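Each chain is listed here by its residues.
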Amino acid sequence: MLSDAAKAELDSILTHYPDKRSALLPALYIAQREYGYLSAEAMREVASSLELDPTEVYSVVRFYSLFYSEPVGKYVIHVCEDLPCALRGAEGLIRHLEERLGIRVGETTPDGLFTLQTAMCLAGCDKAPLMQVNLEYEESLTPGRIDEILQRLRNEGIEAKGDE
Ligand code: FES
């Protein structure tokens, strides 16, 4: 069940839309933030709140790469592998990330910090090659920049765990 705070946020969002169906994307973001990913139960809960069929909710979740129907790491890395990024070395950077993280594309590190995925064009071709970490873009990547980014994220992730 969504927390009272999340339910209140959803109720508030619903006042901005002419019908409940239109609030599906923000409702899914709230649920994903709350649960970490969108399980079948979470999707049913959203469907019930918006008076939708669960299969409609499921198809939207499957369509958008930023919705996760399986557990993911604290940091989800999407590396663009579309043509402009590929021409600037995306493939090598993906291999570099796999090596540094010790996982393959589609997997999550055992410590739960990182999930590695690939993506089609992220609309930043002029700064290729790039990747998206949660909602932030990291642009003009090199192996060295990737190492710096991973180190920073590891430090932040460890600090956050210490605060829990
Ligand atoms: S091809 Fe990578 S951002 Fe467009």
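See above for the structure.
Conventions and cut-offs
Residues numbered from 1 in each chain as written. Predicted model: local features only at pLDDT ≥ 70, side-chain atom pairs only at ≥ 80, totals over all residues. Heavy atoms only, no water. Helix = DSSP H or I, 4+ residues; strand = E, 2+ residues; numbered from the N terminus. Buried < 20%, exposed > 50% of the residue type's maximum accessible area, 1.4 Å probe, protein only. Contact = heavy atoms within 4.5 Å. Lys, Arg positive; Asp, Glu negative; His and termini not counted. Charge placed at Lys NZ, Arg CZ, Asp CG, Glu CD. Patch = residues over 30% accessible without salt bridge, like charges linked within 9 Å, V, L, I, M, F, W, Y side chains within 5 Å. Areas by Shrake-Rupley, 256 points an atom, 1.4 Å probe, with all protein chains shown as cover. Salt bridge = Lys/Arg side-chain N within 4 Å of Asp/Glu carboxyl O. Core = buried A, V, L, I, M, F, W, Y, C linked by side-chain atoms within 4.5 Å. Pairing = 2+ DSSP bridges. Axes fitted to C-alpha atoms, helices over the stretch in contact; angles between N-to-C directions. Expected span 1.5 Å × (residues − 1).

A. Structural detail: the overall build of the chain. Of the regular secondary structure elements, the chain holds 7 helices and 4 strands. Order of helices (α) and strands (β) in the chain, N terminus to C terminus: α-α-α-α-β-α-α-β-β-β-α. Here the chain holds 164 residues, and the buried ones make up 39% of them. Of the contacts made within the chain by residues no fewer than 6 positions apart, 60% connect residues no fewer than 24 positions apart. When the 16 basic and 28 acidic side-chain charges of the chain are each reduced to a single mean position, those positions are 3 Å apart.

B. Structural context of a nonpolar patch on the surface. A cluster of nonpolar side chains, contributed by Leu25, Tyr29, Phe63 and Tyr64, occupies part of the molecular surface with about 420 Å² of accessible area. Mapped onto the secondary structure, Tyr29 falls in helix α2 (residues 24–35). Here Tyr29 falls in the partly exposed class, since its relative accessible area comes to 40%.

C. View of the nonpolar core. Core analysis: the biggest nonpolar cluster contains 22 residues, and Leu24, Leu28, Leu38, Val46, Leu50, Val57 and Val61 have the highest contact counts within it. Secondary structure elements with two or more residues in this core: α1 (4–14), α2, α3 (40–50) and α4 (54–63). Those residues in contact with Leu38 that lie beyond four places of it in its chain are Leu28, Ala31, Gln32, Met43, Val61, Phe67, Tyr68 and Ser69.

D. Spotlight on the pairing of strand β1 (residues 75–80). Where burial is concerned, most of β1 is hidden: 6 out of the 6 residues are buried. Residues Tyr75, Ile77 and Val79 line one face of β1 and the alternating positions Val76, His78 and Cys80 line the opposite face, and both faces are buried. Two strands pair when backbone bridges link them, and β1 and strand β2 (residues 114–119) are joined in this way by 6 bridges, in the parallel orientation. Opposite Val79, over in β2, you have Thr118 as the bridge partner. Two strands pair when backbone bridges link them, and β1 and strand β3 (residues 131–133) are joined in this way by 3 bridges, in the antiparallel orientation. Along β3, the bridge assignment pairs Ile77 with Val133.

E. Spatial organisation of the sheet that holds β2. Ordered in space as β2-β1-β3-β4, the 4 strands form an open sheet in which the pairing is mixed. The sheet is open, and its two borders are formed by β2 and β4 (136–138), each paired with just one other strand. Taken pair by pair, the neighbouring strands of this sheet meet at an average axis angle of 25°, ignoring direction. The strands touched by helix α6 (residues 90–101) are β1, β2 and β3; relative to β2, the strand with the most contacts, the crossing angle is about 165°.

F. View of α2. Between the first and last C-alpha of α2 there are 16 Å, a value that for 12 residues agrees with the 16 Å anticipated at 1.5 Å per step. Those residues of α2 that sit buried are Leu24, Pro26, Ala27, Leu28, Ile30, Ala31 and Gln32. Close packing links the buried residues of α2 with α1, α3 and α4. Gly36 sits one or two positions beyond α2 and adopts a positive phi of about 90°.

G. Seen up close, the pattern of salt bridges. Summed over the entire model, instances satisfying the criterion amount to 12 salt bridges. When the shortest N-O distance is used, the salt bridge between Arg104 and Glu98 registers 3.4 Å. Judged by relative accessible area, Glu98 falls into the buried class, the value being 10%. For the salt bridge of Arg100 with Asp147, the shortest nitrogen-to-oxygen distance reads 2.9 Å. In this pair, Arg100 is assigned in helix α6 and Asp147 in helix α7 (residues 143–163), connecting sequence segments 47 residues apart. Taking the relative accessible area as the measure of exposure, Arg100 reaches 38% and is therefore partly exposed. One continuous salt-bridge network, built from bridges that share partners, spans Glu91, Arg95, Glu98 and Arg104.

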